[in-house]
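Structural characterization, general
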Amino acid sequence: MTLAEASTAPAAAAAAAPPEDAAPPRRKSWFRRLLRDKAAVAAMTVLGIIIFGAIFAPLLATHDPYVNSRSVMTPPVWQAGGEAEHLLGTDGQGRDIFSRILYGSRLTLLIGLVSVGIGGFIGSMIGLLSAFYTRLDAWLMRLMDMMLSFPAILLGLALVAVMGQGAVPVIIALAVSSIPDCARISRGIAVGVMKMEFIEAGRAVGLSDRDLFRKYLLRNCISSIMIFISLRFGQVILIGAALSFLGLGARPPMAELGMMASQGRDYLLFAPHIAVIPSVVIFIIVLCANVAGDALRDVLDPRLQA
Amino acid sequence: MSTPVLEVRNLTKHFPVKSGIFKRSTAAVQAVTDVSFAVGAGETLAIVGESGCGKSTTGRALLRLLEPDSGEVVLDGEDVIALSPSRLQGARRHMQMVFQDPFGSLNPRMTVRETLMEPILLHRVASGPAADKMVSELLKTVGLNDYHAERYPHEFSGGQRQRICIARALATRPRLIVCDEPVSALDVSVQAQIVNLLQDLQKQFGMAYVFISHDLAVVRHIAKRVAVMYLGRIVEEAPAEEIFATPRHPYTRALIEAAPKPVPGAAEGREMVMGDAPSALRPPSGCAFHPRCPLAQDICKRERPELRAMPSASGTAAAACHFAETVAAMPAESTRPTPEILARRLAVLAEARAAQAAAG
Ligand SMILES: Nc1ncnc2c1ncn2[C@@H]1O[C@H](COP(=O)(O)OP(=O)(O)OP(=O)(O)O)[C@@H](O)[C@H]1O
Ligand SMILES: [Mg+2]
């Protein structure tokens, strides 16, 4: 090899690669990018604190959530008449609200997570499959339309009538009512992805249906579906709370946020905090879930990375 | 041409049009009808024609990305159309595709390494460290660098993405690559690089190309043979030099004269094709081109001209026109200089090639 040949080889390589990426920049990890989003960090911190409180409720609770005390309808500490012993005051039966909130979020979050997990999984699978196998599309979507016409509250009432009051019928009602929504949304997302040329490119490479579904369709839909499911999580918590409010969910004396709000209704005029505090917690959970879901979508979608 | 790598016989694909509440198919878009051609190893056959004439449908049916209604596609002696789904998956190793849209044809969730690794592992071309080495060799072959491997498609320019697509198509050392307008979404200067890359790779690895394009400058540069399609049928097929020197079908003639579009205001050829392409849903009777043909006679409305062999230097020209001899004898075109823009485009291609030669 002559000297001239040796020196032109790298030059040719350099000519082929445009100059703008001469130095390979490191991509920041999605987690790092998530941390730059202030609202998301705040939302996730708050949500984290609530989840932490729910998980470690037995350790953090200052009182037994089921034991009545003599101080009834005590306002929270920051109000006149508040007692340091009961941080958020007590309810109509003298139970410590702070402790009941901890236990109550436990049940509320569990009902929300389990039902949105089951409903979201089944629903999005149905949606993805009907976009992938177009022959199934019409059938599955008609089925979803039928399910959609059956409101969650009604389903909950029917299930409770059959199975008795408790968390399980509420979870089933919420999961089933999440299926058609998740199916339709994920079908919409998946139909858009199926139109992209890379699906055909994957087929041309020789991928099996299974790989094409997993590596091409699912991977391109999952973040959009996750954001929808996280928004749905907020809705499910609300419907779950509504069901409890109607007296369908948790069986008293178990604490559940929706039920606590419902019980506080009777004292709304004299001791509004009994209804307001659990309602505010529900509001915060739903809000934070939505903000965090939005932020996650932004960082998980590589097409949005500038 | 000795034994061809690819032989296509009577390929037909019609799309049923469903209408009414009962979804009965009432008519069919005759996207591709009775298309036959052959491509030898290391050869390029270009398919040209205006938008909607069935070029992409032909390319996709060839690779069975669409199931054709009838016809044979023989790749190295094996009829691809008759293969069972599992055998077809294996056979895809030998036939690959480069798509038009470099922004849409790469999975945005896969790094370049994953994209290139996929066909290698799937078809067991290599595994383990050998596969890694192959990926970096592929990148080098198409003019990219090792550090590009960990990036995602959105981090690349159009031309670079098309290089990745080419590398993916090349990974299994296929016998045939169908290129569906691989450069029409790119800048002219980048087009030249990609076209030259495709040419170099063909020299190096000897695969056959079916090169779909509506850009005659590119076709003239890369193709050995050219097939002209009109409303789903091949109306003329001949070696590239012959088809540009003596077009035998009035439609080919019009294409050459019209493309690339003259600058607005430039004098238009007297034989310019008139009107829009008729619908593939209801192709005209007889010769499908007759409503737009300046030479049309009564016979053209009644009888569809078959594709027939024409006397030519190579002896392999064919045209489907009742008056092919008349068209071939018409002097106007051969004396007319290459349109200015076409000439300029060819110059760009040649320059890029020269620059590359000087650098390498
Ligand atoms: N999936 C489909 N269903 C129905 N009709 C289709 C389908 N795909 C293509 N067609 C029709 O078949 C005809 C040929 O389409 P094709 O995409 O092959 O054209 P083309 O020559 O590639 O055009 P272009 O240059 O615009 O890419 C068109 O009339 C088109 O509308
Ligand atoms: Mg096309």
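Fair warning: this is a prediction, and the values are worked out from it, not measured in the lab.

Our next topic: the overall build of chain B. Scanning chain B from N- to C-terminus turns up 13 helices and 12 strands. If you take every contact in chain B between residues at least 6 apart in sequence, the share linking residues at least 24 apart comes to 66%. For chain B, the exposed area adds up to about 15,300 Å²; of that, 54% sits on carbon and sulfur atoms.

So, on to the site of ligand 1. All names here are of chain B. Around ligand 1 sit Phe15, Val29, Ala31, Glu50, Ser51, Gly52, Cys53, Gly54, Lys55, Ser56, Thr57 and Glu181, and that is every residue in its neighbourhood. Measuring from an oxygen atom of ligand 1, one finds a backbone N or O atom of Gly54 at 3.0 Å. At 2.5 Å, a side-chain N or O of Thr57 approaches an oxygen atom of ligand 1. Look at ligand 1: alone it shows 640 Å² of surface, and the protein chains cover 61% of it. Mapped onto the shell around ligand 1, the elements with two or more residues apiece are strand 2 (24-39) and helix 1 (55-62). The greatest single-element share of the shell around ligand 1, amounting to 3 residues, is contributed by helix 1. Partitioning the shell around ligand 1 into residue classes produces 4 nonpolar, 5 polar and 3 charged.

This next bit is on the packing of aromatic side chains. Residue and element names in this part refer to chain A. Applying the stated criterion across every chain, the model contains 8 aromatic pairs over all chains. With centroids separated by 5.3 Å and ring planes inclined at 90°, the aromatic side chains of Phe132 and Phe213 adopt a geometry described as edge-to-face. Of the two residues, Phe132 is situated in helix 5 (residues 97-132) and Phe213 in helix 10 (residues 209-245); the sequence distance between them amounts to 81 residues. The exposure classification of Phe132 matches that of Phe213, with both residues buried.

Those places that UniProt annotates as "domain: ABC transmembrane type-1" (unreviewed entry) correspond, in this numbering, to residues 105-293 of chain A. Between the end C-alpha atoms of residues 105-293 of chain A there is a gap of 19 Å, over a span that is 84% helix and 0% strand.

Residues and elements named next belong to chain A. Taking the numbering used here, the UniProt-annotated feature "transmembrane region" (unreviewed entry) corresponds to residues 38-61, 107-133, 153-177, 225-250 and 270-293. Helix makes up 88% of residues 153-177 and strand 0%, and the two end C-alpha atoms of the span are 9 Å apart. When the span residues 225-250 is considered, its composition is 81% helix and 0% strand, and the gap between its end C-alpha atoms is 29 Å.

This next bit is on the packing of helix 10 of chain A against helix 11 (residues 257-264) of chain A. Residue and element names in this part refer to chain A. It is at 7 Å that the axes of helix 10 and helix 11 come closest, and there the two elements cross at 45°. The angle between helix 10 and helix 11 places the two elements in the oblique class. Where helix 10 crosses over helix 11, the two elements pack in a sense that is right-handed. Contacts between helix 10 and helix 11 involve Ala241, Ser244 and Phe245 on the former and, on the latter, Gly258, Met259, Ala261 and Ser262. Residues belonging to the contact of helix 10 with helix 11 are distributed by class as follows: 4 nonpolar, 3 polar and no charged.

Another point: the nonpolar core. Membership of the largest hydrophobic core comes to 67 residues, with the highest contact counts inside it found for Ile120(B), Ile166(B), Ile177(B), Leu198(B), Leu201(B), Val226(B) and Val228(B). Looking at which domains feed residues into this core, each of domain 1 (4-223) and domain 2 (270-358) of chain B supplies at least three. Counting 58 residues, the second-largest nonpolar core is a separate cluster that includes Ala61(A), Phe233(A), Ile237(A) and Ala241(A).

Residue and element names in this part refer to chain A. Position of Arg95 relative to the elements: it lies in the loop between helix 4 (57-60) and helix 5. Along the primary structure Arg95 and His63 are separated by 32 residues, whereas in three dimensions their C-alpha atoms are 8.1 Å apart. Apart from residues lying up to four places away in sequence, Arg95 is in contact with Pro65, Tyr66, Val67, Asn68, Gly89, Thr90, Arg100, Pro253 and Gln263.

To continue, consider the sheet that holds strand 7 (residues 176-180) of chain B. All names here are of chain B. Pairing within the open sheet is mixed, and its 8 strands lie in the order 6-7-8-3-9-10-12-11. Where the open sheet ends on each side, the last strands, each with one partner, are strand 6 (95-98) and strand 11 (308-310). Taken over all neighbouring pairs, the strand axes of this sheet differ in orientation by 25° on average, direction set aside. Bridge analysis of strand 6 against strand 7 gives 4 bridges, and the strand direction is parallel.

Residue and element names in this part refer to chain A. Taking 1.5 Å per residue, 15 residues should reach 21 Å; helix 6 (residues 134-148) reaches 21 Å between its end C-alpha atoms and fits that length. What helix 6 keeps buried is the set Asp137, Leu140, Met141 and Met144. Where helix 6 is buried, its residues meet helix 5 and helix 8 (167-194).

In the predicted model, chain B carries a mean pLDDT of 87, and 89% of its residues have values of at least 70. For this predicted complex, the interface score ipTM comes out at 0.85, while the overall pTM is 0.82.

Residues and elements named next belong to chain B. The contact between helix 6 (residues 188-205) and helix 13 (residues 340-359) brings their axes to 9 Å, and the two run at 60°. Classified by the angle between their axes, helix 6 and helix 13 sit oblique to one another. Where helix 6 crosses over helix 13, the two elements pack in a sense that is right-handed. Touching Val188, Gln191, Ala192, Val195, Asn196, Gln199 and Asp200 of helix 6 are Arg345, Val348, Leu349, Ala352, Arg353 and Gln356, all from helix 13. Classifying every residue of the contact of helix 6 with helix 13 by side-chain character gives 6 nonpolar, 4 polar and 3 charged.

Rules and cut-offs
Residues numbered from 1 in each chain as written. Chains lettered and ligands numbered in written order. Predicted model: local features only at pLDDT ≥ 70, side-chain atom pairs only at ≥ 80, totals over all residues. Heavy atoms only, no water. Helix = DSSP H or I, 4+ residues; strand = E, 2+ residues; numbered from the N terminus. Contact = heavy atoms within 4.5 Å. Areas by Shrake-Rupley, 256 points an atom, 1.4 Å probe, with all protein chains shown as cover. Near = heavy atom within 4 Å. Polar contact = N/O pair within 3.5 Å; in protein donor to acceptor, adjacent residues only side chain to side chain. Nonpolar A, V, L, I, M, F, W, Y, C, P; charged D, E, K, R; others polar. Phe/Tyr/Trp six-rings, centres within 6.5 Å; stacked < 30°, edge-to-face > 60°. Buried < 20%, exposed > 50% of the residue type's maximum accessible area, 1.4 Å probe, protein only. UniProt positions renumbered as here; feature names shortened; annotations may be inferred. Axes fitted to C-alpha atoms, helices over the stretch in contact; angles between N-to-C directions. Parallel < 35°, antiparallel > 145°, perpendicular 65-115°, else oblique. Left-handed = near helix turned anticlockwise from the far one by under 90°. Core = buried A, V, L, I, M, F, W, Y, C linked by side-chain atoms within 4.5 Å. Domains from an automatic or database assignment. Pairing = 2+ DSSP bridges. Expected span 1.5 Å × (residues − 1). pLDDT = per-residue confidence, 0-100.

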